[in-house]
Amino acid sequence: MENIDQLCVNTIRILSLDQIQKAKSGHPGMPLGAAPMAYVLWDRVLKHNPKNPNWFNRDRFILSAGHGSAMLYSLLHLYGYDLPLDELKRFRQLGSKTPGHPEYGLTPGVEATTGPLGQGFGMGVGMAIAECYLSNYFNRDGFNIVDHYTYAIVSDGDLMEGISSEAAALAGRLKLGKLIYLYDDNHITIEGDTNLAWNEDIELRFKAHGWHVITVSDGNDLDAIYGAIKAAQDEKERPSLIKIRTHIGYGSPKQDDPEVHGAPLSDEEARETKRFFGFPDDKEFYIPQEALEHFRKAIERGEKWEREWSEMFKEYEKAYPDLAEEFKRFISGELPEGWDRNLPEFKDTSKKIATRSASGETLNVLADRLPNLIGGSADLAPSNKVVMKGKGDFYCETPTGRNIHFGIREHAMGTAVNGMALHGGIIPFGATFFVFTNYMRASIRMAALMDIHSIFIFTHDSIGVGEDGPTHQPVEHLMSFRIMPNMTVIRPADANETVEAWKIALERKKPVMLVLTRQNVPVLDPSRYPIKEGVKKGAYILEDCENPDLILVGTGSEVHVVLDAKKILDQKGVKSRVVSMPSWELFLEQDESYRKEVIPENIPKVVVEAGVALGWKDIVGDNSIIIGLDRFGESAPGDVLMKEFGFTPENVAEKALSVLQKIA
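A quick note: this is a predicted structure, and the numbers were derived from the prediction, not measured. (Residues numbered from 1 in each chain as written. Predicted model: local features only at pLDDT ≥ 70, side-chain atom pairs only at ≥ 80, totals over all residues. Heavy atoms only, no water.)

Draft legend 1. The overall build of the protein, seen in detail. For the protein, the helix and strand inventory stands at 26 helices and 18 strands. In terms of overall dimensions, the protein is globule-like: its C-alpha atoms have a radius of gyration of 28 Å, near the 26 Å expected for 664 residues. For the protein, the residues scored as buried account for 62% of the 664 residues in total. With the model as given, the accessible surface of the protein reaches about 25400 Å², and the carbon-plus-sulfur share is 47%. Where the 74 positive side-chain charges of the protein centre and where its 96 negative ones centre are 4 Å apart. (Helix = DSSP H or I, 4+ residues; strand = E, 2+ residues; numbered from the N terminus. Rg over C-alpha atoms; globule rule 2.2 N^0.38 Å. Buried < 20%, exposed > 50% of the residue type's maximum accessible area, 1.4 Å probe, protein only. Areas by Shrake-Rupley, 256 points an atom, 1.4 Å probe, with all protein chains shown as cover. Lys, Arg positive; Asp, Glu negative; His and termini not counted. Charge placed at Lys NZ, Arg CZ, Asp CG, Glu CD.)

Laid out in structure tokens, this is it:
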């Protein structure tokens, strides 16, 4: 009888191949080559419970090379997850649970959405950060409540992407010893041999980043792969990369051929591949009973692991009741009672305060109340105002610190924040200048695609940045993120709106970005304006009158320009309403009656925002004028630029009068 391990490996290969052949679409090369490493990891090492994919103390597994999704779906089905064989037969079809690349929240057992290369690599770093922090926060002698590894299978393409270098350097500096990546080293990309564009010494590169590197010369040697993983587990202070030499499309007529990366085999090539592995060439989705019985033993193992953990947790509850309650609250995502009481309230309207400064003050109050609020900045924390005072710096040798020094690595920061959010138990944030979202847009998009609780803090939000010039002045950024599905963008007008924005970011449990000023702006009187109720609705009336002739809409720092414009219009006998609109998304979630109450259709509007104007008429209608900025800025003091580009009360009032004259 064939060795059961080899039979199981080949079952993964052929089941993956059948999905791709039936769909006439997919990537057969990786599953055929990488199935042995996946089998060893899942069968001999991975601590998981197929009947409860959300068991908190499971090992995390990420298929960073998400194009190999058919292999992941094979693993999930074979090991007993709630992924029926019929779903594998619907691979890449509309409405299936087996999309072309793995999607978090759609398929049971998929820990992260992957496909854009390098994203899974970075998210694994975030998961390992979360495990390190939580294990040191909660574990006590004899009670390893949080104790798991983070694994990933990464590809040549993952390692070529720049994000992998950023994330690897971060992981090495933080000494994330429970992070273990298996590198599918098959030497092939779509265009040909990797040597066409890439001749790095990966071992030296990762060692330079502070990683432990192990090489396995034969990707079919199951015992060597297992030994390498065990050696990686024994390394406590460095993340590990296991470099496993494989052959893309192994066992097929197109082995080592770039064409096998992303295109199905021909029918005859698929039959030949099945014969090579000793499988019947006239059957589809054939799973040998002996192999299935072996795979399904994982169910009993997983239930036993979780049961033992649950029994330990019951004893932990007796010994440490307060910690146990806090642990349950952390992993549920609930906020503690009273977390939002007595947050900063800015009453002195004689002083101007930058919204980034108000954010920093609010963050520090929240940090005292939310010990799982963790994050940092891309080497800009003092400027972004995200230093949590007295909370220490996070490294795995000082794991109770909560300020993460991401370094000048915006992309890695974004994806690590996503990984922490996916892990659970952590409320993560990352910060940088708003213009540098260009470097991390792919990570922000992944947060939105997964609809997870990643909080992004972006400061220096407009031409108000000033002398640093157009390279540092975001113009198109606000609008570009407003059109991103699932992303909530909040640009508060003052310190008090900023406090409310933070509350929304924490309560919403979805991706949120706070967009904040560098420059000081006036403080809105909280006793005069309905700020607390207004911000959560996305837009609200600040100043009003009976039967207004027009409506002035502002966001962020431009709200104060609009308020001053109203004063000029008042003197000219023009009745106007002022609306602050910190968030399109929140406003559009309100019912139609509220939206029309705040911004009636039949009254002309003037919108003022120091960014591109495109899109605003979808919010305020054609009966409007938009004072925006459809060009790059310049280098000059911020107040000079605001005047130069028309963001002054006088210009706004003049434009408002011109609108009324046209109507008349």
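Draft legend 2. Looking closely at the packing of aromatic side chains. By the definition in use, this model includes 38 aromatic pairs. With a centroid separation of 5.6 Å and 85° between ring planes, the pair formed by F56 and F327 is classed as edge-to-face. Of this pair, F56 sits in the loop between α2 (29-45) and β1 (60-63) while F327 is found in helix α13 (residues 321-332), placing the two residues 271 residues apart along the sequence. Judged by relative accessible area, which is 2%, F327 ranks as buried. When the ring of F433 is compared with that of F436, the centres are 5.9 Å apart and the planes differ by 15°; the resulting orientation is stacked. The two residues F433 and F436 agree in class, both being buried. Grouping aromatic residues by their ring pairs yields a cluster made of W55, F56, Y133, Y137, F138, F143, W309, F313, Y316, Y320, F327 and F330. (Phe/Tyr/Trp six-rings, centres within 6.5 Å; stacked < 30°, edge-to-face > 60°.)

Draft legend 3. Quick peek at the environment of S443. Inspection of the secondary structure puts S443 in helix α17 (residues 441-450). Among all residues touching S443, those that are not within four sequence positions of it are Q119, I163, H411, G414, T415 and N418. (Contact = heavy atoms within 4.5 Å.)

Draft legend 4. Here's a closer look at the pattern of salt bridges. In the structure shown here, the tally under the stated rule is 39 salt bridges. The closest approach of N and O atoms between K243 and D185, which form a salt bridge, is 3.3 Å. Residue K243 is located in strand β7 (residues 240-245), and its partner D185 is located in strand β3 (residues 179-185); the two are separated by 58 residues in the primary sequence. Since its relative accessible area comes to 21%, K243 is described here as partly exposed. As a salt-bridge pair, K304 and E308 come within 2.6 Å of each other at their nearest N and O atoms. Taken together, the residues span about one helical turn, with K304 and E308 both in helix α12 (residues 297-319) at a distance of four residues. Beyond isolated ion pairs, a larger network of salt bridges with shared partners links E268, R271, R275 and D281. (Salt bridge = Lys/Arg side-chain N within 4 Å of Asp/Glu carboxyl O.)

Draft legend 5. Structural context of the nonpolar core. Counting 82 residues, the largest nonpolar core has L506, L552, M581, W616 and F647 as its most contacted members. The leading source of residues in this core is helix α19 (residues 495-508), at seven residues. Each of two domains, domain 2 (352-522) and domain 3 (537-663), supplies a minimum of three residues to this core. Grouped together as the second largest cluster of nonpolar side chains are 74 residues, C132, Y133, L241 and V489 included. (Core = buried A, V, L, I, M, F, W, Y, C linked by side-chain atoms within 4.5 Å. Domains from an automatic or database assignment.)

Draft legend 6. Highlighting the domain arrangement of the protein. Under the domain assignment used here, the protein contains domain 1 (35-244 + 285-303), domain 2 (352-522) and domain 3 (537-663). Summarising the inter-unit geometry, the C-alpha centres of domain 1 and domain 2 are found 28 Å apart. On the domain 2 side, the residues contacting the 31 residues of domain 1 number 33 residues. Across the domain 1/domain 2 interface, buried area totals approximately 2800 Å², and carbon plus sulfur atoms make up 72% of it. There are one salt bridge connecting domain 1 and domain 2. E397 is paired through a salt bridge with K175; the nearest N and O atoms lie 3.7 Å apart. Here domain 1 is connected to domain 2 by nine residue pairs in polar contact (both at pLDDT 80 or more). If you list the elements that add at least two residues to the side of domain 1 that touches domain 2, you get α5 (119-138) and α7 (162-174). Broken down by class, the residue content of the side of domain 1 that touches domain 2 amounts to 18 nonpolar, seven polar and six charged. (Buried area = accessible area lost by both parts, 1.4 Å probe. Polar contact = N/O pair within 3.5 Å; in protein donor to acceptor, adjacent residues only side chain to side chain. Nonpolar A, V, L, I, M, F, W, Y, C, P; charged D, E, K, R; others polar.)

Draft legend 7. Looking closely at the UniProt feature "binding site: Mg(2+)" (unreviewed entry) in the protein. UniProt annotation of "binding site: Mg(2+)" (unreviewed entry) refers to D156, N186 and I188 when read in the numbering used here. What stands out for the annotated residues spanning 33 residues is how close their C-alpha atoms remain, the widest pair being 7.6 Å apart. Take D156: it is sitting in helix α6 (residues 156-160). Filtering out sequence-adjacent residues up to four positions away, D156 remains in contact with Y183, D184, D185, N186, H187, I188, T194 and W198. By relative accessible area, N186 is classed as buried at 8%. Look past the residues within four positions of N186 in its chain and what remains in contact with it is D156, R245, T246, H247 and I248. (UniProt positions renumbered as here; feature names shortened; annotations may be inferred.)

Draft legend 8. Highlighting the state of the cysteines. Per the counting criterion, the structure on display carries one disulfide. The partner cysteine of C132 in its disulfide is C396, sulfur to sulfur 2.3 Å. On the criterion of sequence distance, the pair formed by C132 in helix α5 and C396 in the loop between α15 (381-384) and β9 (403-405) is long-range, its members being 264 residues apart. When its relative accessible area of 7% is taken as the criterion, C132 is described as buried. (Disulfide = S-S within 2.5 Å.)

Draft legend 9. Spotlight on the sheet that holds strand β6 (residues 212-216). Across the sheet, which stays open at both edges, the five strands sit in the order β1-β2-β3-β7-β6 with parallel pairing between neighbours. Looking at strand neighbours, the two that pair on one side only are β1 and β6, the edges of this open sheet. Each strand axis lies, on average, 20° off the axis of its neighbour in the sheet, ignoring direction. Sheet topology note: the β1/strand β2 (residues 150-155) ladder contains four bridges and is parallel. In the sheet register, R60 faces β2, and the bridge partner there is T150. (Pairing = 2+ DSSP bridges. Axes fitted to C-alpha atoms, helices over the stretch in contact; angles between N-to-C directions.)

Draft legend 10. Quick peek at the sheet that holds strand β10 (residues 427-433). Here we have six strands laid out as an open sheet, ordered β9-β8-β10-β11-β13-β12, and parallel in their pairing. Edge strands, defined here as strands with exactly one partner in the open sheet, are β9 and β12 (488-490). Averaged over all neighbouring strand pairs, the angle between strand axes comes to 20°, with direction disregarded. Relative to β9, strand β8 (residues 373-377) runs parallel, the two being bridged by three bridges. By the bridge assignment, S377 is partnered in β9 with H405.

Draft legend 11. Seen up close, the pairing of strand β16 (residues 576-580). Most of β16 sits inside the fold, with five of its five residues counted as buried. Of the two faces of β16, both are covered, the one formed by S576, V578 and S580 as well as the one formed by R577 and V579. One ladder, built from three bridges, connects strand β14 (residues 540-543) with β16; its direction is antiparallel. Within the sheet, the bridge partner assigned to I541 lies in β16 and is V579. When strand β15 (residues 550-554) meets β16, the two strands line up parallel, connected through five bridges. Among the inter-strand pairings, G554 is bridged to a residue of β16, identified as S580. Tracing the backbone out of β15, into helix α21 (residues 558-571) and back to the parallel element β16 gives a crossover that is right-handed. (Right-handed = clockwise from strand over helix to strand, strands pointing away.)

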